[in-house]
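So you can see what is in the structure, the chains are spelled out below.
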Amino acid sequence: MEATETFFAVTKLFQSKDMTLRRLVYLAIKEMSQIADDVIIVTSSLTKDMTGKEDQYRASAIRALCTIIDVSGRGCSGNDVAEFYQMVEGGL
């Protein structure tokens, strides 16, 4: 329970425009996604950064998203990211 509370407290820092802080948020999301519950909720924020106009956030958002959607332990390939991106762009 404590990991989940900390995870969601960290995600509030998505509002920051400080690039260093945002990178730390992505890192925390990646690391804590293994131990926190309900991490799938943060995907909308990651998707926004992944598809947004800010190029500096895109790569980190994709890496964090891959960590979250990697439930099978097989890794997140480029095809997985492309498929997810198409779903987001298609409004699914």
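Now for a quick tour of the structure. (Residues numbered from 1 in each chain as written. Predicted model: local features only at pLDDT ≥ 70, side-chain atom pairs only at ≥ 80, totals over all residues. Heavy atoms only, no water.)

1. Describing the overall build of the chain
For step 1, the next point in the chain: When helices and strands are tallied, the chain shows 5 helices and 0 strands.
For step 2, the next point in the chain: Scanning the chain from its N terminus toward the C terminus, one meets helices and strands in the order α-α-α-α-α.
For step 3, the next point in the chain: Long-range contacts, defined as pairs at least 24 residues apart, comprise 57% of the intrachain contacts of the chain with a sequence gap of at least 6. (Helix = DSSP H or I, 4+ residues; strand = E, 2+ residues; numbered from the N terminus. Contact = heavy atoms within 4.5 Å.)

2. So, the packing of aromatic side chains
Aromatic rings in a pair are described by how distant their centres are and how their planes are angled relative to each other.
For step 1, the next point in the chain: Counted by the stated rule, this structure contains 2 aromatic pairs.
For step 2, the next point in the chain: On the basis of an interplanar angle of 85° and a centroid distance of 5.3 Å, the ring pair of phenylalanine 7 and phenylalanine 8 is categorised as edge-to-face.
For step 3, the next point in the chain: The class for phenylalanine 7 is buried, based on a relative accessible area of 1%.
For step 4, the next point in the chain: In this structure phenylalanine 8 comes out as partly exposed when scored by relative accessible area, which is 25%.
For step 5, the next point in the chain: Residues phenylalanine 14 and tyrosine 26 carry aromatic rings whose centres are separated by 5.9 Å and whose planes lie at 70° to one another, so their mutual orientation is edge-to-face. (Phe/Tyr/Trp six-rings, centres within 6.5 Å; stacked < 30°, edge-to-face > 60°. Buried < 20%, exposed > 50% of the residue type's maximum accessible area, 1.4 Å probe, protein only.)

3. With respect to the packing of helix 2 (residues 19–32) against helix 4 (residues 55–69)
For step 1, the next point in the chain: It is at 8 Å that the axes of helix 2 and helix 4 come closest, and there the two elements cross at 10°. In this view, helix 2 runs roughly parallel relative to helix 4, as classed from their interaxial angle. Where helix 2 crosses over helix 4, the two elements pack in a sense that is left-handed. Between helix 2 and helix 4, the residues in contact are Met19, Arg22, Tyr26, Ile29 and Lys30 and Gln56, Tyr57, Ser60, Ala61, Arg63, Ala64, Thr67 and Ile68, respectively.
For step 2, the next point in the chain: Counted by class, the contact of helix 2 with helix 4 contains 7 nonpolar, 3 polar and 3 charged residues. (Axes fitted to C-alpha atoms, helices over the stretch in contact; angles between N-to-C directions. Parallel < 35°, antiparallel > 145°, perpendicular 65-115°, else oblique. Left-handed = near helix turned anticlockwise from the far one by under 90°. Nonpolar A, V, L, I, M, F, W, Y, C, P; charged D, E, K, R; others polar.)

4. Description of the pattern of salt bridges
For step 1, the next point in the chain: Applying the stated criterion across every chain yields a total of 2 salt bridges.
For step 2, the next point in the chain: In this structure, the salt-bridge partner of aspartate 55 is arginine 58, at a minimum N-O distance of 2.6 Å. Taken as a pair, aspartate 55 and arginine 58 lie in helix 4 at a separation of 3 residues, close to a single helical turn.
For step 3, the next point in the chain: Its relative accessible area of 27% is what places arginine 58 among the partly exposed residues. (Salt bridge = Lys/Arg side-chain N within 4 Å of Asp/Glu carboxyl O.)

5. Quick word on the layout of surface pockets
For step 1, the next point in the chain: Of the voids in this model, the largest pocket is the one considered here, and its volume is about 220 Å³.
For step 2, the next point in the chain: Looking at which element gives the most residues to the lining of the largest pocket, the answer is helix 3 (residues 43–51), with 3 residues.
For step 3, the next point in the chain: Tallied by class, the residues present in the lining of the largest pocket amount to 2 nonpolar, 2 polar and 6 charged. (1 Å grid on protein atoms, 1.4 Å probe; cavity = no way out; pocket = protein on both sides within 12 Å on 5 of 7 lines; lining within 4 Å. Points joined across faces, edges and corners; volume = space filled by probe spheres on them.)

6. As for helix 2
For step 1, the next point in the chain: Over its 14 residues, helix 2 runs 20 Å from end to end, which matches the ideal 20 Å to within 8%, given 1.5 Å per residue.
For step 2, the next point in the chain: Taken residue by residue, helix 2 has Met19, Arg22, Val25, Tyr26, Ala28, Ile29 and Met32 as its buried positions.
For step 3, the next point in the chain: Elements that come into contact with the buried residues of helix 2 comprise helix 1 (2–11), helix 3 and helix 4.
For step 4, the next point in the chain: Taking the backbone nitrogen of threonine 20 as reference, a side-chain oxygen 3.0 Å away marks aspartate 18 as the first, capping residue of helix 2. (Expected span 1.5 Å × (residues − 1). Polar contact = N/O pair within 3.5 Å; in protein donor to acceptor, adjacent residues only side chain to side chain.)

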